[in-house]
Amino acid sequence: MKHTCNDALKHLVDYLEGELDPEASQELESHLTACPPCVRFLDTYKTTGKVCRKALEREMPDEMKQSLRAFLRDKLADNS
Ligand SMILES: [Zn+2]
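Residues numbered from 1 in each chain as written. Predicted model: local features only at pLDDT ≥ 70, side-chain atom pairs only at ≥ 80, totals over all residues. Heavy atoms only, no water.

1. Regarding the coordination of the zinc ion
Bound to the zinc ion are the protein donor atoms C5 (SG), H31 (NE2), C35 (SG) and C38 (SG), situated 2.1 to 2.3 Å from the metal. We note that the donor set of the zinc ion lies within a single chain, spaced as C-x25-H-x3-C-x2-C. (Donors = N, O, S within 2.8 Å, 3.2 Å for Na, K, Ca; no water.)

2. Re the confidence of the model for the protein
Scored by pLDDT, the protein comes out at a mean of 79, with 78% of its residues at no less than 70. Per-element averaging of pLDDT across the protein places helix α3 (residues 36–56) at the bottom with 74 and helix α2 (residues 22–33) at the top with 92. (pLDDT = per-residue confidence, 0-100. Helix = DSSP H or I, 4+ residues; strand = E, 2+ residues; numbered from the N terminus.)

3. Some words on the side chain of S25
With respect to the helices and strands, the residue S25 is situated in helix α2. The contacts of S25, once residues within four sequence positions are left out, are Y15 and L20. (Contact = heavy atoms within 4.5 Å.)

4. A closer look at helix α1 (residues 5–16)
The end-to-end C-alpha distance of α1 is 16 Å, a good match for the 16 Å that 12 residues give at a rise of 1.5 Å each. Within α1, burial applies to D7, A8, L9, L12, V13, D14 and L16. (Expected span 1.5 Å × (residues − 1). Buried < 20%, exposed > 50% of the residue type's maximum accessible area, 1.4 Å probe, protein only.)

5. Quick look at the pattern of salt bridges
Applying the stated criterion across every chain, the model contains 2 salt bridges. For D7, the salt bridge goes to K10, with nearest N and O atoms at 3.5 Å. Here the residue D7 and the residue K10 both occupy positions in helix α1, the gap between them amounting to 3 residues, near one helical turn. Classification of K10 as partly exposed rests on a relative accessible area of 46%. Residue D14 is joined to R69 by a salt bridge in which the shortest nitrogen-to-oxygen separation is 3.2 Å. One end of the pair, D14, is in helix α1; the other, R69, is in helix α4 (residues 62–79), with 55 residues separating them in the sequence. (Salt bridge = Lys/Arg side-chain N within 4 Å of Asp/Glu carboxyl O.)

Now the structure itself:
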């Protein structure tokens, strides 16, 4: 198992922001195909993230990304 849920979450924000490099994106996508909980989570994030991203436009401070990652980790921990 090369890609864990933790790894996936680490990359998820960058992936959704289009900042993840192609190789890492591919690994994340292959994890998502084998991990329904992460897919559900991604859907939730996309839906809720829309509002956030609208407010943030293209600017997302590193601090915001950090707390978003922490939020995502907590959320996944709840689901598992
Ligand atoms: Zn997963």
